[in-house]
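Per-entry structural report
What follows is the residue order along each chain.
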Protein chains: 2
Amino acid sequence: MTKGVMVTIREVYVESDPNRGNMVILKENAGGDRFFLMFVGEAEFTAIAKEKGLVDSKRPLTHDFYLSIMEKAGVEFLRIEISEMREETYYANVLCRAQQNDFSVDSRPSDAVALALNRRIPILVHEDLFRRKLTAEEVKEYEGLVKMVKF
Amino acid sequence: MTKGVMVTIREVYVESDPNRGNMVILKENAGGDRFFLMFVGEAEFTAIAKEKGLVDSKRPLTHDFYLSIMEKAGVEFLRIEISEMREETYYANVLCRAQQNDFSVDSRPSDAVALALNRRIPILVHEDLFRRKLTAEEVKEYEGLVKMVKF
C-alpha cells in the first residue's frame, strides 16, 4: 500500500506542444494551484483526448478494444492511483475486481488515466507528486525522450 | 461468421520505412509468395515489435497492462481473424473465453496481432485479403494517412 495522502483529481487537461511533446495535466480542482504533469506518448495522448471528446476515431483504439473485452468478461474497475516516481518515471496502479476478487495491476499513468476517464472511476495522485516543477534541464531531457521513443 | 477460406499465419514481419510508415507483413510460411500487408500506428508497431523481441520497454505497454488484468481475471484468447476490408480499412475479430462463455470482439488488426503474438494463439487471415498489391496511388494515400493521424 502507498503511504501518504492521496488526492482526488477533478480536472484532466491535455496539451500538445510541438517542442515539448504531449502533456496531461491533472488538478484537484479547476482553480487549484498545484498540479500533476506528465508527458505521454502519441497513442496514449489520443486515447485520453478521445475520452475527453476532443478527437474521434472510426475504429476502436487499443483501450476501447480491451475495455470491450473487460466489459463482456465482467471485470470492474474501482480506482486508479498514481503513487510514486522512480528514476524519472511515474508509477500507477489500477484497482480491479473480477469474480469478487480485488487485485491491483501495475500501469503507466497514461494508460491508467485513459481507463479512468473511460470508466468514470476516481483518479488519485499521491500528494508528494504535486507541485513538482520541472527544471529547464529536465524539460530538455523529456523533449529528447519524447522525440526518440514513443512509449 | 466469415465466409470463405481462412489461412493460418506462420510468419510475422515488421518493417519501418521513413517514407511509407510502419508495416506489418503476415505470411502463411516463410517461402510463400502471397502475403498480407497492413500499415500500423507507432504504438501498435512497438507492441508487435516487442512481442517479436525486437524492442524492449521498462514499463508495461498498453497491451501488457491490459493482458495482465485479463490473466488475473481468467480471460482466455482462442484465435484472431483478420476477416475483411471495408473502405480501405481492415477489420479483425478476437475470439475470447471468460467463465465458459465464448465471445468475439471487434478489433483493429494491429491490436489483434499484438495480442496473438503475446498469447501465442492462431492468427487467421481471409484468403481474399492476400496478394493484394497496393497501387502507387494507394501507397501515396496511406503515406498521407500515416503522417497525418497516428492511429
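The structure under discussion appears in the preceding block.
As the structure is a prediction and not an experimental result, all values here were calculated from the model.

Time to look at the packing of helix H1 (residues 42-51) of chain A against helix H3 (residues 109-119) of chain A. Residues and elements named next belong to chain A. With their axes 9 Å apart at the nearest point, H1 and H3 run at an angle of 20° to one another. The angle between H1 and H3 places the two elements in the roughly parallel class. At the point where H1 passes H3, the crossing takes the left-handed sense. Along the contact surface, H1 presents Glu44, Ala47, Ile48 and Glu51, while H3 presents Ser110, Asp111, Val113, Ala114, Leu117 and Asn118.

Let's shift gears to the relation of the copies chain A and chain B. Each copy superposes on the other: chain A lies on chain B with an RMSD of 0.0 Å after a rotation of 180° and an axial shift of 0.0 Å. Both chain copies can therefore be described as sitting about a two-fold axis. A shared binding surface is used by both copies, with 100% of the interface residues of chain A retained as interface residues in chain B.

Bringing the interface of chain A and chain B into the picture now. It is common to report an interface's size as the accessible area lost on association of the parts. Across the boundary between the two partners, chain A contributes 41 residues, which contact 41 residues of chain B. Both sides of the chain A and chain B interface together cover about 3400 Å² of buried area, and 67% of this is carbon and sulfur. The interface formed by chain A and chain B contains four salt bridges. Measuring nitrogen to oxygen at the nearest pair gives 3.8 Å for the salt bridge that ties Glu87 of chain B to Lys58 of chain A. Applying the counting rule to chain A against chain B returns 14 residue pairs in polar contact (both at pLDDT 80 or more). Among the secondary structure elements, those contributing two or more residues to the side of chain A that touches chain B are H1, helix H2 (62-73), strand S6 (89-98), strand S7 (101-107) and H3 of chain A. It is H2 of chain A that contributes the most residues to the side of chain A that touches chain B, ten residues altogether. Among the residues forming the side of chain A that touches chain B, the class breakdown is 21 nonpolar, nine polar and eleven charged.

The next point concerns the pattern of salt bridges. Inspection of every chain in the model, using the stated rule, returns 22 salt bridges over all chains. For Arg34 of chain A, the salt bridge goes to Glu127 of chain A, with nearest N and O atoms at 3.8 Å. Pair noted here: Arg34 of chain A is in the loop between strand S3 (21-27) and strand S4 (36-40) and Glu127 of chain A is in the loop between strand S8 (123-126) and helix H4 (136-148), with a separation of 93 residues, a long-range link. Glu81 of chain B is paired through a salt bridge with Arg79 of chain B; the nearest N and O atoms lie 3.0 Å apart. When its relative accessible area of 8% is taken as the criterion, Glu81 of chain B is described as buried.

Relative to the elements of secondary structure, Val75 of chain B occurs in the loop between helix H2 (62-73) and strand S5 (76-86). Exposure remark for Val75 of chain B: the relative accessible area of 6% places this residue in the buried category. Sequence separation between Val75 of chain B and Asn101 of chain B is 26 residues; the distance between their C-alpha atoms is 9.9 Å. For Val75 of chain B, the residues in contact, after removing those within four places along its chain, are Ile69 and Ala73 of chain A together with Met70, Arg97 and Ala98 of chain B.

Turning our eyes to something else, we now look at the sheet that holds strand S7 (residues 101-107) of chain B. Pairing is mixed across the open sheet formed by five strands, whose spatial order is S1-S8-S5-S6-S7 (chain B). Each having just a single partner strand, strand S1 (6-8) and S7 of chain B make up the two edges of the open sheet. Averaged over neighbouring strand pairs, the angle between their axes works out to 25° when direction is ignored. Inspection of the sheet shows strand S6 (residues 89-98) of chain B paired to S7 of chain B by seven bridges, in the antiparallel sense. Along S7 of chain B, the bridge assignment pairs Arg97 of chain B with Asp102 of chain B. This element, H2 of chain A, spans S5, S6 and S7 of chain B of the sheet and lies at about 160° to S7 of chain B. Running over the sheet, helix H3 (residues 109-119) of chain B touches S5, S6, S7 and strand S8 (123-126) of chain B and is turned about 155° from S5 of chain B.

Once that is clear, we can look at the packing of aromatic side chains. To describe a pair of aromatic rings, you give the distance between the ring centres and the angle between the ring planes. Enumeration over the complete set of coordinates arrives at five aromatic pairs over all chains. Aromatic pair Tyr66 of chain A and Tyr66 of chain B: ring centres 5.3 Å apart, planes at 5°, arrangement stacked. Of the two residues, Tyr66 of chain A is situated in helix H2 and Tyr66 of chain B in helix H2; the pairing between them involves two chains. A single burial state applies to Tyr66 of chain A and to Tyr66 of chain B, both of which are buried. Taken together, the ring pairs in this structure connect Phe65 and Tyr66 of chain A together with Phe65 and Tyr66 of chain B into an aromatic cluster. When the ring centre of Tyr91 of chain B is taken as origin, the NZ or CZ atom of Arg86 of chain B, which lies over that ring, is 3.9 Å away.

Parameters and conventions
- Residues numbered from 1 in each chain as written.
- Chains lettered and ligands numbered in written order.
- Predicted model: local features only at pLDDT ≥ 70, side-chain atom pairs only at ≥ 80, totals over all residues.
- Heavy atoms only, no water.
- Axes fitted to C-alpha atoms, helices over the stretch in contact; angles between N-to-C directions.
- Helix = DSSP H or I, 4+ residues; strand = E, 2+ residues; numbered from the N terminus.
- Parallel < 35°, antiparallel > 145°, perpendicular 65-115°, else oblique.
- Left-handed = near helix turned anticlockwise from the far one by under 90°.
- Contact = heavy atoms within 4.5 Å.
- Least-squares fit on C-alpha atoms with pLDDT ≥ 70 in both.
- Buried area = accessible area lost by both parts, 1.4 Å probe.
- Salt bridge = Lys/Arg side-chain N within 4 Å of Asp/Glu carboxyl O.
- Polar contact = N/O pair within 3.5 Å; in protein donor to acceptor, adjacent residues only side chain to side chain.
- Nonpolar A, V, L, I, M, F, W, Y, C, P; charged D, E, K, R; others polar.
- Buried < 20%, exposed > 50% of the residue type's maximum accessible area, 1.4 Å probe, protein only.
- Pairing = 2+ DSSP bridges.
- Phe/Tyr/Trp six-rings, centres within 6.5 Å; stacked < 30°, edge-to-face > 60°.
- Lys NZ or Arg CZ within 6 Å of the ring centre and 35° of its normal.

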